[in-house]
Amino acid sequence: MKKFAGAMLLLGSLSATTVQADKWHMPTPYADANLPTQIAREFAEEIKTNTAGELDITVHSGASLVKHPEIPRAVKTGQVQLGEVFIGIMGNNHPVFKHDNIPFLATTFDDAEKLWKAARPEIEKQLDKDGMTLLYTVAWPAQSLYTKAPVNRLEDLGGLKMRAYSPSTSRLADLMHTTPTTVQVPEIPQAFSTGIIDAMITSPSTGVNGQAWDYLEHFTDVRAWIPKNVVVVNKRAFRRLDDKTRQVILDAAARAESEGWKRVRVTAAEDTRTLAENGIQVAEPSAELMVQLQEIGDVMIGEWTAEAPAEVEAILTRYRQ
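Numbers given to residues run from 1 along each chain, matching the order in which its sequence is written. In keeping with the predicted nature of the model, local features appear solely for residues at pLDDT of at least 70, side-chain atom pairs appear and are counted solely at 80 or more, and the whole-chain, interface and lining totals rest on all residues. Side-chain descriptors were evaluated using all non-hydrogen atoms of the structure, hydrogens and water having been removed beforehand.

All right, on to the environment of Met162 then. As for its placement among the helices and strands, Met162 is situated in strand 6 (residues 161–164). Given a relative accessible area of 3%, Met162 falls into the buried group. Sequence separation of Met162 and His177 is 15 residues, and the distance between their C-alpha atoms is 9.4 Å. What makes two residues a contact is simply this: any of their non-hydrogen atoms within 4.5 Å. Setting aside residues up to four positions removed in sequence, Met162 forms contacts with Leu145, Ala173, Met176, Thr178, Thr179, Pro180, Thr181, Ile197, Ala199, Met200 and Ile201. The numbering of helices and of strands both runs from the N terminus, where a helix is a DSSP run of H or I of at least 4 residues and a strand a run of E of at least 2. Relative accessibility decides the category of a residue: with a 1.4 Å probe and only protein chains considered, values under 20% of the type maximum give buried, values over 50% give exposed, and everything between is partly exposed.

The terminal C-alpha atoms of helix 4 (residues 109–129), which comprises 21 residues, lie 29 Å apart, in line with the 30 Å expected from a rise of 1.5 Å per residue. Most pronounced at Ala119, the bend in helix 4 amounts to some 45°, and the proline Pro121 follows within four residues. Residues of helix 4 that are buried: Phe109, Ala112, Leu115, Trp116, Ala118, Ala119, Glu122, Ile123, Gln126 and Leu127. Residues of helix 4 that are buried sit in contact with strand 4 (132–139), strand 10 (228–234), helix 9 (243–277) and helix 11 (309–320). Among the residues trailing helix 4, Gly131 stands out with phi positive, at a value near 80°. Multiply 1.5 Å by the residue count of a helix minus one, and that product is the helix's expected span. Bend, in this description, refers to the angle at a residue between axes fitted to the seven residues ending there and the seven starting there.

Before going further, it helps to spend a moment on the environment of Phe43. Mapping Phe43 onto the fold places it in helix 2 (residues 35–50). Residue classification places Phe43 among the buried residues on the basis of a relative accessible area of 2%. Put simply, Phe43 and Arg236 are 193 residues apart on the chain and 20 Å apart in space, counted from C-alpha to C-alpha. Among residues more than four places away in sequence, those in contact with Phe43 are Met26, Ile57, Leu82, Leu135, Tyr136, Ile249, Ala252 and Ala253.

It is the contact of helix 5 (residues 167–175) with helix 10 (residues 287–307), at a shortest axis distance of 11 Å, that shows an interaxial angle of 135°. Between helix 5 and helix 10, the interaxial angle falls into the category oblique. Our pair here, helix 5 against helix 10, has a crossing hand that is right-handed. Seen from helix 5, the contacting residues are Ser168, Arg171, Leu172 and Leu175; seen from helix 10, they are Ile296, Val299, Met300 and Glu303. Taken together, the residues of the contact of helix 5 with helix 10 sort by class into 5 nonpolar, 1 polar and 2 charged. To obtain an axis, a line is fitted to C-alpha atoms, over the contacting stretch when the element is a helix, and the angle between two such axes runs from 0 to 180 degrees between their N-to-C directions. To sort the angles, those under 35 degrees are grouped as roughly parallel, those over 145 as roughly antiparallel, those from 65 to 115 as roughly perpendicular, and the leftovers as oblique. Crossing handedness follows the turn of the near helix against the far one: under a right angle anticlockwise gives a left-handed crossing, and clockwise gives a right-handed one. Polar here means any residue outside two lists: the nonpolar Ala, Val, Leu, Ile, Met, Phe, Trp, Tyr, Cys and Pro, and the charged Asp, Glu, Lys and Arg; Gly therefore counts as polar.

Printed below as a string of structure tokens:
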């Protein structure tokens, strides 16, 4: 009886370990109203359904489990099995992560998809070195300018405090003669209300979800670049899965990426309309402002290339073919 009881205890322990191993956690930086989070939840649900519940992924939205800047490290070290992160915040890890934060390199969704295909091999290579495997990406609407007063030329921004959220956006703020100030998405309304920032370049979606009409009045649709989130998985955790489960994840990831590129086009138009409907003055940029911003973009492309000539030139060559 003692041997039987010991065996049952061991089996129970193994069973509990299996259940624990199949319960994965996925931190994401953005709230549930955002398209990337909606797709993340659909991705997790598809995996749960197609593995008959054997792999259950809990999506922790709004940086509720892990703060945004810490998500890559949490995945890398195995604190969580997978996570979603804005690509640009990894720009200090390697310059290839800056590819979609360079102003006026890719400003339409078609060009952004082409740029992603050109950059993906370099992104996967760097993630692999850090113990992570790329699963899928979701694009944001094009980034445009939010201010309290109209902007017709760069001089109108001089001396303002500009929100920054990545190395590239900090450099952009410098070149625009504004003061870069790091503010994460959940902190934007308070940062504007308390004067921590005076302006920002971000998507229509971020403005809508943060009810930007409560603290500013103008949206200048410069469409400077189209950034993306990536969903990454810890390489060792992924390899420990059986072939069938890994394929379920890869299939769900492919569908998530396809849905993302399709739905972001709709989201961009809807959210821009919502800004206008709530009293924000939506305006096309002046020709003078666009010339000035394009000049900044050219400077940043040159600086980006100089940071890692081999990798960046490979991306640009594939993109421009």
